[in-house]
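Descriptive analysis of the structure
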Amino acid sequence: MEVRQLRYFVAVAEIGHFGRAAESLHIVQPAVSKQIAALERELGLTLFDRSHRQIRLTADGEAFLPHARRALRGIDRAEKAAADLAAGGAGILRIGGARGLGRRLEDILAAFRRTHPNVMIQLTTITSVPDKLAAVAAGDLDAAFVSVPPHTPGVAVHHLWDEPLLLAVPARRAATAAGLASLGDLPLARAPREEDPGTFDLITNACRAAGFVPRPGPALTHAQDILAGPVAAGHCWALLPSSAIRAESAAVSFVEPAPPIFMPTALAVPDPTRRALVTGLLAAAGTVARDPA
């Protein structure tokens, strides 16, 4: 059974004439007659009584008509849904988030929703930058926010902004912390290199430029836990995105390093990009990056 056969059948049933139905369908009458005859053979039913001048539905035709109409409505809905997906008007967008995006992520998603209100966003936090890039390349994610991303085949990286990093230090070290060299004796809390190689190397190079190699400290998982625990206790320091910083406490201070340190932040998408929704997300991210609230 073909969709066109159902459309021809419904048209003839509603108009009551093969010729006029063919005109409304913008095809020739023999094509309509041929396809309806094929439909009748496939169903094993006689759908039209052709013994009179006026074409009439048989009892079987009357019974089959509502099912044909229902099937066509379903097909029309499916075609519209597919068109919306192709145009980026609906569907699901799977995004890999990142630590330290703060308010910017909320603003980007809000801007995207304004132009794509019917799209469902699935936000997944994958801590490992290489894992996020691999998921984008494999099609498991439609896009991912990443910091200092390494080159990955099948992935295009769109730079959004450079996020300033702040020193999170025990409060008693705040007065001298702007010069990184003053922290050379204190262990550094940060994510393992295999989890975020770009940021790891960025911080290592900044410390080496200040004249020291950072001492390994606790793994940086949840920033607030590190700040409230070992940093507040004076056991380590950390470099955190300024957007991730909340209020200072009596035990922890946030200091701008001199010279400043910036962490490139980007949106990684499949290369080539095949989904219109991804293009819409890129546009929203670019707008927020150019004009942050």
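Residues numbered from 1 in each chain as written. Predicted model: local features only at pLDDT ≥ 70, side-chain atom pairs only at ≥ 80, totals over all residues. Heavy atoms only, no water.

1. A look at the pairing of strand β10 (residues 252–255)
Covered by surrounding structure in β10 are V252 and F254 together with S253 and V255, the residues of both alternating faces. Bridge count between strand β6 (residues 155–170) and β10: 4 bridges; the pairing is antiparallel. Looking across to β10, one finds that P170 is bridged to V252. (Buried < 20%, exposed > 50% of the residue type's maximum accessible area, 1.4 Å probe, protein only. Helix = DSSP H or I, 4+ residues; strand = E, 2+ residues; numbered from the N terminus. Pairing = 2+ DSSP bridges.)

2. Regarding the pairing of β6
With 9 bridges joining them, β6 and strand β11 (residues 262–270) adopt antiparallel strand pairing. Bridging from a neighbouring strand, E163 pairs with M263 of β11. Bridge analysis of β6 against strand β9 (residues 238–241) gives 4 bridges, and the strand direction is antiparallel. Bridge pairing in β9 links L166 to L240.

3. Quick word on the pattern of salt bridges
Should their charged atoms come close, side chains of opposite charge can pair. Considering all chains together, one arrives at 10 salt bridges under this definition. Of the charged contacts, one joins R50 and E40 as a salt bridge, the two residues approaching to 3.0 Å between their closest N and O atoms. With R50 in the loop between β1 (48–49) and β2 (56–57) and E40 in helix α3 (residues 29–43), the pair connects residues that are 10 residues apart, well separated along the chain. Using a relative accessible area of 10% as the deciding quantity, one classes E40 as buried. (Salt bridge = Lys/Arg side-chain N within 4 Å of Asp/Glu carboxyl O.)

4. So, the confidence of the model for the protein chain
When pLDDT is averaged across the protein chain, the result is 89; 95% of the residues are at 70 or more. The lowest-confidence element of the protein chain is helix α4 (residues 59–87), averaging 83 in pLDDT; the highest-confidence one is helix α7 (residues 197–209), averaging 95. (pLDDT = per-residue confidence, 0-100.)

5. Observations regarding the environment of G102
Relative to the assigned elements, G102 resides in the loop between β3 (91–97) and α5 (103–115). In this structure, the C-alpha to C-alpha distance between G102 and A244, residues 142 residues apart in sequence, is 5.5 Å.

6. Things to note about the packing of helix α2 (residues 18–25) against α3
Running from amino to carboxyl end, α2 crosses α3 at an angle of 105°, the nearest separation of the two axes being 8 Å. Taken together, α2 and α3 sit at an angle that is classed as roughly perpendicular. Mapping the contact onto sequence places F18, G19, A22 and L25 in α2 and Q29, V32, S33 and I36 in α3. Split by residue class, the contact of α2 with α3 holds 5 nonpolar, 3 polar and no charged. (Axes fitted to C-alpha atoms, helices over the stretch in contact; angles between N-to-C directions. Parallel < 35°, antiparallel > 145°, perpendicular 65-115°, else oblique. Contact = heavy atoms within 4.5 Å. Nonpolar A, V, L, I, M, F, W, Y, C, P; charged D, E, K, R; others polar.)

7. Notes on α7
The terminal C-alpha atoms of α7, which comprises 13 residues, lie 18 Å apart, in line with the 18 Å expected from a rise of 1.5 Å per residue. Among the residues of α7, those classed as buried are P197, G198, T199, I203, T204, A206 and C207. In this structure, the buried residues of α7 make contact with α6 (129–138), β5 (143–147), β7 (188–190), β9 and β11. Two residues or fewer after α7 comes G211, characterised by a positive phi angle close to 100°. (Expected span 1.5 Å × (residues − 1).)

8. Here's the deal with the nonpolar core
Here is a general trend for soluble globular proteins: nonpolar side chains tend to be buried in one another's company. Formed by 25 residues in total, the largest nonpolar core has its most connected members in L93, I108, F112, F145, L267 and L281. Elements represented by at least two residues in this core include exactly β3, α5, β4 (119–125), β5, β6, β11 and α9 (276–290). Among the elements that take part in this core, α9 stands out by supplying 8 residues, more than any other. Beyond its immediate stretch of four places on either side in the chain, L267 contacts A143, A144, F145, A156, V157, H158, L160, L281, L282 and A285. Judged by nonpolar contacts, the second largest core, of 20 residues, contains F9, V12, I36 and L47. (Core = buried A, V, L, I, M, F, W, Y, C linked by side-chain atoms within 4.5 Å.)

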